[in-house]
Amino acid sequence: MWTLTEDERVGVVLYSFRSSLPHTLTLELGETVFILEKCEGWFRGFSSRRSNVKGVFPSSYIHLKKCTVTNKGSKETVVPVEDVVVAEVTSTLQEWASLWKQLYVRHKVDLFFKLGHVMSELIDLRRQLLSDQLTHEQNRDIKRHVTARLDWGNEHLGLDLVPRKEFAMVDEDQISVSDLYKMHLSSRHNAHHNSSQADLNGRQKLGGDASKAPVAHHLLVKLKSFTSNNIGEDTDIFVSLYDFREGKTISERFIVRLNKNGGPKNPEKVERLCALFTDLSNKDMKRDLYIISQVIRTGRMLLNDSKKGPPHIRYRRPYGCAVLAMSDVLQTISELREEKDFVLKVYICNNENEWHQIHENIIRKSSTKYSAPGNNYGLIISLQLLRGDLENLRRENKAMLSGGMAMTRKLGFPDVIMPGDVRNDLYLTLERGDFERGGKSVQKNIEVGVFVLSADGELVKDCISLGCGEPNVAEHRSFVLYHNNSPRWSEAIKLPIPIDRFRGSHLRFEFRHCSTKDKGDKKLFGFSFTPLMRDDGTTLSDQSHELFVYKCDENTTFNNPAHYLALPCCKDHINVGPGVATSLLFQRSSRETFWISTQLSSTKLTQNVDLLALLKWKAHPDRVTDILGRLRHISGEEIVKFLQDILDTLFSILDDNTDKYGPLVFQSLVFIINLLRDSKYFHFRPVMDTYIHKHFAGALAYKELIRCLKWSMERSIEAVRQDHIQEVMRALEYLFKFIIQSRILYSRATCGMEEEQFRSSIQELFHSIRLVISLDRPTCETLIFTQAALFNSFPTIFDELLHMFSVQEVAEFVRGTLASLPSTLHIGHSMDVVKLQSIARTVDSRLFSFPESRRILLPVVLHHIHLHLRHQKELLMCCGILTSLFSVIKTTSLDTSVQEEVEMMVESLLDVLLQTLLSVMNKSQSQEAVRGQRCPQCTAEITGEFVSCLLSLLRHMTNVHFEHLMDNYQSKEELKEFMMKIWCVFRHLMRLSIFPRDWNVMRLLTSHIILTTVQRLSPFQHNFAEADFDFKVWSSYFSLAVLYINQPSLQLENMSPSKRQKILDKYGDMRVMMTYELFSMWQNLGDNKIHFIPGMIGPFLGVTLVPQVEVRNTMIPIFHDMMDWEQRKNGNFKQVEAELIDKLDCLVSEGKGDENYRELFSLLLLEKIEHETWRETGISFVTSVTRLMERLLDYRDCMKGDETENKKIGCTVNILNFYKSEINKEEMYIRYIHKLCDLHLQADNYTEAAFTLLLYWELLHWDERPIKDFLHYPAQSEWHRKEALGRKVIHYFNKGKCWEFGVPLCRELAFQYESLYDYQSLSWIRKLEAAYFDNIMEHQRLEPEFFRVGFYGRKFPFFLRNKEFVCRGHDYERLEAFQQRMLGEFPQAIAMQHPNQPEEAILQCEAQYLQIYAVTPVPENVGVLQLDRVPDRIKSFYRVNNVRRFRHDRPFHKGPKDRDNEFKSLWIERTTLILAHPLPGISRWFEVEKRELVEVSPLENAICVVENKNQELRTLVSQYQHKQLHNNVNLLSMTLNGVIDAAVNGGIARYQEAFFDKDYISSHSEDSEKITQLKNLMQEQVHILGSGLAVHERMVHPEMRPLHKKLIDQFQVLRNSLCNGPCAFDKANAPKGIVATHSLVSPESFKVHRHSEMANVGNLFILADGVLAEHREDFYGIQASHSSSSISSTHSAPSQLINSALSTIKEQSRNNRDILMLLPPQRERPSSVLYQNFSESGQRAFLHQVISPGCKPCSDPNLSFTDKVLTAPSSWSLDSGTREAVPVLSAHIGNIMAPPVPPRNVPHGQRLSMHFDAYHHQLSDLPPALPARSLRKCPLQPSPASPTSPPSLLCGSNSTLSGSSSSGVFTLSESNLSDPPSGRTDESVPSGQAWTTEQEELDSPYWLIGYNVSECEVPDRVGSEPCRSHASSGVTAPQGFRTPRTGTRAQIREGPPHYQDVQHAHHFPPHYIPTYLPLDSLVEPPPALSHKPYLSFPQEKPMSSQPTQAVLRPASGSSCLPLFVATKEDHQPKVAWGHGISRD
């Protein structure tokens, strides 16, 4: 049956308990459980961790604990009874556990291990505390250690400081706020200085003022070893401390006795050879101390001479000495808390006569007087310095200071003499002696024997100590100095003679000669003696004594000491003796003397004659006056030793003759009392107290003492010298003790007689005291010192008066005295401090603790405090007094009298406290503003003290006190002043950090008091509403409430659960309470609410952002109230709207607000607005704010933490656009412009930063309107700000290398400068503009990749969620790198592997999906791209800048797939993305605004592929012709082989099969023109291949000739297949010439060219636009790229289709107009990009892209580098799958971009050269030579790619699925590249073998047909202006060119060379010198074309007889029309058609 438990209420789980049984409670080890019921071995209850879950558990698993139960019943509280420190350790360890693990996670390893060690230590200490086996002192020590560790851990973990009292946590409800503040200070101090503070507290408990108690030092010395080489005898080692400066030993000696083997004689002391030198004062530590170690051996007379003396006779002989300077080691051992070893080298004395000063010689380093016996000879000792009380040290270091530790004391008393110390030590030093030779031939070996004998001759045993560490002995024999009649021993011994045997005892010294001959007997030859005490009772004086030596021999007996005691022992001894007979027994040796010195350290014996005379005054009554006068000359040590006897003597003298000796006894008593105030004798005060209460018997003394005291008081008014009066004032405490005790004794003896006389005399005495105190003479220093002494002593007499008077009577005495204090304050006068100190001690006295006395004393105390506070003097002292006041009141707060006292304090202090606090706080803020830091005294001390005092007062105030306070204010102005003061003080408390962050207890109590005060003062706030509305009071109140709610210490959400629950249990959520007050006061404003709109919107908004539901629900409706009131007044709520938006941005950026707040804000306001007449505008406003909040929250989440720059930039752009488009807040818009700019600058996005600042620049106007300072801009005119901003934008465009965007700004600034005639600035800006043009043409710029990114899923931020963007990639960034970057920014995202639009489920799921693929830009400015003469670098810029449209191609098969030829069904899905803003812009990515989708048919795709391949081949051949590539022809060989020998996929033959089939043509009649176009492109490809073979033949390495021959043979097969196949042309339709553009070329025409007479002319370089060139260059490696529709083996073509190319050509042909090459607008790639590849040999090959912008294909950037280099042909690729290994060297190519430059005419008679400014090749090294080996086929394996594959090396089709296995599309071709052998260059190969010579060029059967690097798009005007005809005919040239005047090669090549800039020279190989033609020479128009424009030669030199090679170069900055060479007139129309040149 279940029964309620009574005793078993709380327990701790011993074992974890888990059970599947119903109703059981799962428990974990260590949990605390509360037990409700019990039943047969089971308990029912709940765990402290889950109080709402109840269940049963076995009782055997529980350890029961004692507990107390309060409020028994349903609401009872069960508290375990355990030690508070143990409970704190338990809770603290639980709190530390989770934080400790987090330290490891945050990599704070050092703190992690330290805290772990401290936690283990705390667990062990807790176990010891629970064991109940500790003594009280041990318990205290452990608790002190525990609290120190707890405070250390809390501080390092950032937890709250725990205020403690006696090691236990204090309850703030039980103490005053001031005391709590003091405890916080003390706890903080203890956390840092716990050990020293503990020692200080221990000394304080011993009594008195611990600050006066000096710190004792103790030196622990351990002898580790003594190394001796040759002693072999027993040795004694003496260690002592020696003061070299004073030349004396200051300590006893520590002795260690070793045997001949060097070990201790006593085996028990093997590990205990140590001593503690105690009682060293601070003064001693400053001495010039040395550790002296003397070594005395015991053995033969001479160590090395065995003949000297018999072996059985042993002598003590000096051996050596070692010295260690303490000054050298004191610093080391002071810092360490452990032993430190030191080595002391032992030296021997060279002359034994100087043994007594060997240590001084060693210190002085007089090396001639001592020597070292060996290197390894010395002592090893360890030292450790200890501090503190010796008893405490013994308790703390039991193991170290126990077990026979030798305590070595000082010679003399320590600085502090304790009353219980009993000591009676006589230190004797055997100084020296002078002895006669005695008829000996040599001097004597003298040994001194020392004996202590009683008066009857009995030997006093065990009263001689040679040193600490060895037992006492009965006699001592000194060491022997060899052959020395005047020995100097300086040997000290201690005589601890018992006090009862001291009197009558004497010392006898026996002198023996130690002979080394005969038998070695020690022969007695004399003695000396001295009594220990003189006849007058004094002991032997502390000085040197010269003793007489009396002769004797061995036969002499000393049985009767009286025989020699009667003789004089020294010169001062005048006792003659009893008779002559005794004198005949011992004869004095007049020539022999013996010197000793003594020093007495005794607490019972004295050497002072005056003290003895005082104690025996009755023996000389006539000398009493003199004896009392000489008392001051007695040392303090003697006085305190005989304190009781002296006091008895004094009062006996006083009783004997009061009138005569009264004043003298009074002065002597004052002297003794003041002597006890000395710190050395401070601890003898309890002896004085004991004497007064137990031994004092002067019943009549009080009368004389009162009389003398009153006389001294009155005398102080007029006396000039007041030293003796001041001593009386200092002795006031003990004088009153004697007075009161004497009166008590008298009353006892007389039954209370003369009571009235006594009271009257006390009143008269106080009257005299008041008279002295009331004097106000600031100039009289003597009186001031007297008054100060009186003030200091006055509070000490209260307790004594209470023995004879009632509390009220004593209080009246004190009140009258304090009231007599002067009310005037003297600035800087020290008396003000003394007065306040006296008042403070009065408040701290026991008298003030009585309510009846406080009622009397409190007004006068408050009066003086008010006086000082009003003048703001001695504020700290006033704070101390107030703290004591509140502490006393708090302890007696239950008394009804306390309410009256609080009332008095409120009336007197509250107002002045507030005023003082405001003054102190304002002063602190001003000092902080001036110095940059707060004044420590003002803030830390004064402010904290005063705040605690104010809070204490407010805490004691009740509603009654507040009502009385309000009633006391006579006018409303006074009430307003008070309200303003108190609200202002509270606001300062909220703003200023008065209390440190970890003082959470203090902060919470402060908040609670403020809240209570506000609640009690709120009703009085209504006095300032309605008609008497006062804005300042209400504004101050609202500001206080807002600051209060936002306090960090009240934000419970940031605290741990346990801490949060504790606060809620104790105080509740104080924010909610203050919110209710705030809302209530707002509602009471009525019509005055409009005064706080919009001022309080921001503060109230901050309150609503507090993450507390009740606060938000209460405060958010206030915004509706504000909107309603403004709507009523103004008809709108624009102010509310503007202010709310502004403040919301600031507050959210500070970390406030969350998603719940956004929803609650919208819900509550929309609900309120629903029924308003202005509902629509209100809903719109709330919606806008809600949307703004969404963006601000996203922005904040991105900005905090380690988010990437892209996220931050995206969030900022999102907010920026919102402020601009939806809210139109210009100031916020500008702020975010600069925030975005800063983010771009951090990410080095200078172009985007420029565009961002350009937004602000566009807002400004060129006006002189002054504008205020804003952000980092100073106050200036709008013109100057816009100018500065423009310069900055231009600078950023320059850093971003977007000079084209900076040029218009330069021109804008130039216009402004010119209009202002600021020619200096105009010159600068023009130069800058010119420099930008130079940069465009000279500097290299890389083209970025563009990527489409889709963010799908609800987990993305708002500004990204379910949106797609196009991103501008970084330099060198390809698809794979971009994908990795995006996945790194969104680590939780899932990469989608397809480019299809996502489903709705993905859009709405709680996840993140990323869809990424590359896109190709579609340039907007086509006009620039279509101009002929625009350099390609300029076109390259416009292709990838200011672009809004982007394209993406995806291949797919429509319908059934043809297994034999998949190209028949291969379609392209082309998606065009249109952005909201062009790129680049204010961000690197913009959102897609629109999508367009089209499908490209297989035929159109084939046309595009072939066209792109043609363009690629033209580019490559042209580059070799122009020698833009090194002369390594491997790349050309690879490319030609891939097209000509497309063995795997069939090449263009697959297109022939697919589209030239009759069935296809018949079924697709609508595509006839496209089929024709494809045929024309194929024919053109054949022509280009022929040109490439011609170049290849000229440049091929001799070892590669077999490959070249193979290519020629296969080319013939390819050409024949085209001529004979379905694509062959009819001759009638074929063009009659070679066209270098997209013209039709028939095999016949090619054949004619090859085999005609013209073949003898030589090899020509025919450029793509027809310009001939002759320069050769080393080639750059071009890496293969891939396209979903490419037939190229090395490059893929762009996905651009021109359907009207053929018709356009035909139209132009019919009209005989100029035709420019039809180049598809395509994607450009960087011209100089460095990539890496690993060849078969493992070496790294660097490949650089050198395809000019006009010729580069659009390879698929989605494919990785590896996929493009090492991939296999797909099932639909037309190229061969095998490639030759090609060595490749990468280099840098710079494409210079510039705006379009108009063409200039070429002057007549001058040759035109190609300008290579646009084609600078930056080469890093010479190309490697071609390896001398044959090429081999290399089969390539298929390598399917995916959308996440690495980006391509070159550009191409951007289909996401290009090469993906999912679509069945694979890579088309691949190149296997390998590095060439090192060491081979073009110079290492013979000229006849490495490269073709000019003669070979002339003999070559092929034409060198080149294609220009720069090609144009089709312009709007396709025809060119007709050229004029000149006299020189036969050479057809377009405008801008001229032909050579002669037909010779030399004449054609003549002309001045023009070298390029030096700054590019280092990028070229040594043999490369480009040729220029100065632009200023191009002034004449070109010659007109002849009627036969093929190639005319001069008439005098027929064409057939003199072949000529024409060489022309295009002019700088322009693109030239083609020039062709023909051999027959009938070919002229063909060429003219090809060039659009009229026959006219």
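Residues numbered from 1 in each chain as written. Predicted model: local features only at pLDDT ≥ 70, side-chain atom pairs only at ≥ 80, totals over all residues. Heavy atoms only, no water.

## Things to note about the overall build of the protein
Part 1 of the reasoning: Across its full length, the protein carries 65 helices and 43 strands.
Part 2 of the reasoning: Looking at the 2040 residues of the protein, the share that counts as buried comes to 58%.
Part 3 of the reasoning: Sequence-distant contacts in the protein: of pairs separated by 6 or more residues, those separated by 24 or more amount to 77%. (Helix = DSSP H or I, 4+ residues; strand = E, 2+ residues; numbered from the N terminus. Buried < 20%, exposed > 50% of the residue type's maximum accessible area, 1.4 Å probe, protein only. Contact = heavy atoms within 4.5 Å.)

## So, the environment of Met-729
Part 1 of the reasoning: Locating Met-729 in the fold gives a position in helix α20 (residues 723–730).
Part 2 of the reasoning: Relative accessible area serves as the criterion here: at 0%, Met-729 is assigned to the buried category.
Part 3 of the reasoning: As a C-alpha pair, Met-729 and Ala-788 span 59 residues in sequence and 8.8 Å in three-dimensional space.
Part 4 of the reasoning: Beyond its immediate sequence surroundings of up to four residues, Met-729 is in contact with Met-713, Ser-716, Thr-786, Ala-789, Leu-790 and Ser-793.

## Things to note about the sheet that holds strand β22 (residues 406–408)
Part 1 of the reasoning: Judged by pairing direction, the sheet is mixed, and its five strands sit side by side in the order β18-β21-β11-β15-β22 without closing on themselves. Two strands in the sheet have a free side with no partner beyond their single neighbour: β18 (340–345) and β22. Neighbour to neighbour, the strand axes of the sheet diverge by 30° on average, direction disregarded.
Part 2 of the reasoning: Direction of pairing for strand β11 (residues 217–227) relative to strand β21 (residues 378–387): antiparallel, over a ladder of ten bridges. In the strand pairing of β21, Val-221 is matched with Leu-383.
Part 3 of the reasoning: Across the sheet, helix α7 (residues 326–335) touches β11, β18 and β21, and the angle it forms with β21 is around 50°. (Pairing = 2+ DSSP bridges. Axes fitted to C-alpha atoms, helices over the stretch in contact; angles between N-to-C directions.)

## Here's the deal with unusual backbone geometry
Most peptide bonds take the trans configuration, and most residues that are not glycine carry a negative phi.
Part 1 of the reasoning: Of note, the bond from Ile-1093 into Pro-1094 is cis; its omega dihedral lies within 30 degrees of zero at 10°.
Part 2 of the reasoning: With respect to the element layout, Pro-1094 can be found in the loop between α36 (1070–1083) and α37 (1097–1104).
Part 3 of the reasoning: In this structure, Pro-1480 follows Leu-1479 across a cis peptide bond, with omega equal to -5°.
Part 4 of the reasoning: The phi angle at His-23 is positive, at roughly 65°, despite the residue not being glycine.

## Regarding the pattern of salt bridges
Part 1 of the reasoning: Taken as a whole and assessed by the stated rule, the structure comprises 103 salt bridges.
Part 2 of the reasoning: Here Lys-1066 makes a salt bridge to Asp-173, at a shortest N to O gap of 2.8 Å. With a gap of 893 residues between them, Lys-1066 in helix α35 (residues 1057–1066) and Asp-173 in the loop between β10 (168–169) and α4 (177–192) connect regions that are remote in the sequence.
Part 3 of the reasoning: Residue classification places Asp-173 among the partly exposed positions, given a relative accessible area of 34%.
Part 4 of the reasoning: A salt bridge links Asp-1121 to Lys-1089; the shortest N-O distance between them is 2.5 Å. One end of the pair, Asp-1121, is in helix α39 (residues 1117–1130); the other, Lys-1089, is in the loop between α36 and α37, with 32 residues separating them in the sequence. The pair Asp-1121 / Lys-1089 is uniform in exposure class, with both members buried.
Part 5 of the reasoning: Sharing partners across several salt bridges, the network here consists of Asp-243, Glu-246, Lys-248, Asp-284, Arg-287 and Lys-410. (Salt bridge = Lys/Arg side-chain N within 4 Å of Asp/Glu carboxyl O.)

## Re the sheet that holds strand β29 (residues 544–551)
Part 1 of the reasoning: Here we have eight strands laid out as an open sheet, ordered β25-β24-β27-β28-β29-β30-β23-β26, and antiparallel in their pairing. Here the strands that pair on one side only, and so sit at the sheet edges, are β25 (475–477) and β26 (488–495). Here the strands of the sheet are splayed against their neighbours by 25° on average, with no regard to which way each runs.
Part 2 of the reasoning: Two strands pair when backbone bridges link them, and strand β23 (residues 424–434) and strand β30 (residues 588–602) are joined in this way by ten bridges, in the antiparallel orientation. Each residue of the ladder has a partner; that of Asn-424, found in β30, is Ser-602.

## Looking at the nonpolar core
Part 1 of the reasoning: By size, the foremost hydrophobic cluster in this structure holds 314 residues, and its most contacted members are Phe-1038 and Phe-1100.
Part 2 of the reasoning: The greatest single-element share of this core, amounting to 13 residues, is contributed by helix α29 (residues 897–931).
Part 3 of the reasoning: Setting aside residues up to four positions removed in sequence, Phe-1100 forms contacts with Phe-1038, Val-1042, Leu-1078, Trp-1082, Met-1115, Ile-1118, Phe-1119 and Met-1122.
Part 4 of the reasoning: Membership of the second largest hydrophobic core comes to 58 residues, among which are Ile-292, Leu-430, Trp-489 and Leu-524. (Core = buried A, V, L, I, M, F, W, Y, C linked by side-chain atoms within 4.5 Å.)

## Focus on helix α19 (residues 701–715)
Part 1 of the reasoning: Across its 15 residues, α19 extends 21 Å between first and last C-alpha, which sits within 8% of the 21 Å expected from 1.5 Å per residue.
Part 2 of the reasoning: Turning to α19, its buried residues number three or more, namely Ala-701, Tyr-702, Glu-704, Leu-705, Ile-706, Cys-708, Leu-709, Ser-712 and Met-713.
Part 3 of the reasoning: At its buried positions, α19 is contacted by α16 (643–656), α17 (658–675), α20, α21 (732–750), α22 (755–774) and α23 (781–793). (Expected span 1.5 Å × (residues − 1).)

## Here we look at the packing of α16 against helix α18 (residues 685–695)
Part 1 of the reasoning: Two elements in contact, α16 and α18, have axes separated by 10 Å at closest approach and are oriented at 50°. Of the possible angle classes, the one that applies to α16 and α18 is oblique. The handedness of the crossing between α16 and α18 comes out as right-handed. Counting all contacts with α16, which are made through Leu-643, Gln-644, Leu-647, Asp-648 and Phe-651, the residues of α18 involved are Val-687, Met-688, Tyr-691 and His-695. (Parallel < 35°, antiparallel > 145°, perpendicular 65-115°, else oblique. Left-handed = near helix turned anticlockwise from the far one by under 90°.)

## A closer look at the side chain of Glu-1329
Part 1 of the reasoning: Within the fold, Glu-1329 resides in helix α48 (residues 1319–1338).
Part 2 of the reasoning: A polar contact of 3.2 Å, which involves the side chain of Glu-1329, links it to the side chain of Arg-1326.
Part 3 of the reasoning: In contact with Glu-1329, other than residues within four places in its own chain, are Val-1303, Cys-1306 and Arg-1307. (Polar contact = N/O pair within 3.5 Å; in protein donor to acceptor, adjacent residues only side chain to side chain.)

## Some thoughts on the confidence of the model for the protein
Fine structural detail should not be taken from predicted coordinates in areas where pLDDT scores are low.
Part 1 of the reasoning: On average, residues of the protein score 75 in pLDDT, and 75% of them reach the 70 mark or higher.
Part 2 of the reasoning: Below a pLDDT of 50 lies the segment residues 931–938, which in the model reaches 17 contacts outside its immediate sequence neighbourhood of four places, other chains included.
Part 3 of the reasoning: Across residues 1623–2040, where pLDDT falls below 50, the model places 1264 contacts with residues more than four positions away in sequence or in other chains. (pLDDT = per-residue confidence, 0-100.)

## So, the pairing of β23
Part 1 of the reasoning: The element β23 is extensively covered by neighbouring structure, given that eight of its eleven residues are classed as buried.
Part 2 of the reasoning: As paired elements, β23 and β26 share six bridges and run antiparallel to each other. If you follow Tyr-427 over to β26, its bridge partner there is Lys-494.

## A closer look at the packing of α20 against α23
Part 1 of the reasoning: With their axes 8 Å apart at the nearest point, α20 and α23 run at an angle of 15° to one another. Judged on the interaxial angle alone, α23 and α20 are roughly parallel. Read as a crossing pair, α20 and α23 show a hand that is left-handed. Here Ile-725, Gln-726, Met-729 and Arg-730 of α20 lie close against α23, whose contacting residues are Thr-782, Phe-785, Thr-786, Ala-789, Leu-790 and Ser-793.
Part 2 of the reasoning: In terms of residue class, the contact of α20 with α23 is made up of five nonpolar, four polar and one charged. (Nonpolar A, V, L, I, M, F, W, Y, C, P; charged D, E, K, R; others polar.)

## Quick look at the packing of aromatic side chains
Part 1 of the reasoning: Under the defined criterion, the tally for this structure stands at 79 aromatic pairs.
Part 2 of the reasoning: Ring geometry for Phe-558 against Tyr-564: centres 6.0 Å apart, planes inclined by 80°, an arrangement best described as edge-to-face. Each member of the pair, Phe-558 together with Tyr-564, is buried.
Part 3 of the reasoning: Judged by centre distance (5.6 Å) and plane angle (85°), the rings of Trp-1082 and Phe-1100 are edge-to-face. Of this pair, Trp-1082 sits in helix α36 while Phe-1100 is found in helix α37, placing the two residues 18 residues apart along the sequence.
Part 4 of the reasoning: Residue Phe-1100 is classed as buried on the basis of its relative accessible area, which comes to 0%.
Part 5 of the reasoning: Among the aromatic side chains, those forming a connected cluster through ring pairs are Trp-983, Phe-986, Phe-1029, Phe-1031, Trp-1034, Tyr-1037, Phe-1038, Trp-1082, Phe-1092 and Phe-1100.
Part 6 of the reasoning: The ring of Tyr-734 carries the charged tip of Lys-737 above its face, separated from the ring centre by 4.4 Å.
Part 7 of the reasoning: The ring of Trp-1125 has Arg-1128 lying over it, and the distance from NZ or CZ to the ring centre is 4.6 Å. (Phe/Tyr/Trp six-rings, centres within 6.5 Å; stacked < 30°, edge-to-face > 60°. Lys NZ or Arg CZ within 6 Å of the ring centre and 35° of its normal.)

## So, the side chain of Thr-593
Part 1 of the reasoning: With respect to the helices and strands, the residue Thr-593 is situated in strand β30.
Part 2 of the reasoning: Beyond its immediate sequence surroundings of up to four residues, Thr-593 is in contact with Gly-433, Asp-434, Phe-435, Glu-546, Leu-547 and Val-549.

## Concerning a nonpolar patch on the surface
Part 1 of the reasoning: A cluster of nonpolar side chains, namely Trp-2, Leu-21 and Trp-42, defines an oily patch on the protein surface of about 290 Å² accessible area.
Part 2 of the reasoning: By the secondary structure assignment, Leu-21 is in the loop between β2 (10–13) and β3 (32–39).
Part 3 of the reasoning: For Leu-21, a relative accessible area of 51% corresponds to the exposed category. (Patch = residues over 30% accessible without salt bridge, like charges linked within 9 Å, V, L, I, M, F, W, Y side chains within 5 Å. Areas by Shrake-Rupley, 256 points an atom, 1.4 Å probe, with all protein chains shown as cover.)

## Some words on the pairing of β29
Part 1 of the reasoning: Across two bridges, strand β28 (residues 522–531) lies against β29 in antiparallel orientation. Within the sheet, the bridge partner assigned to Phe-527 lies in β29 and is Tyr-550.
Part 2 of the reasoning: As paired strands, β29 and β30 are joined by seven bridges and run antiparallel to one another. Of the residues in β30, the one forming a bridge with Phe-548 is Thr-593.

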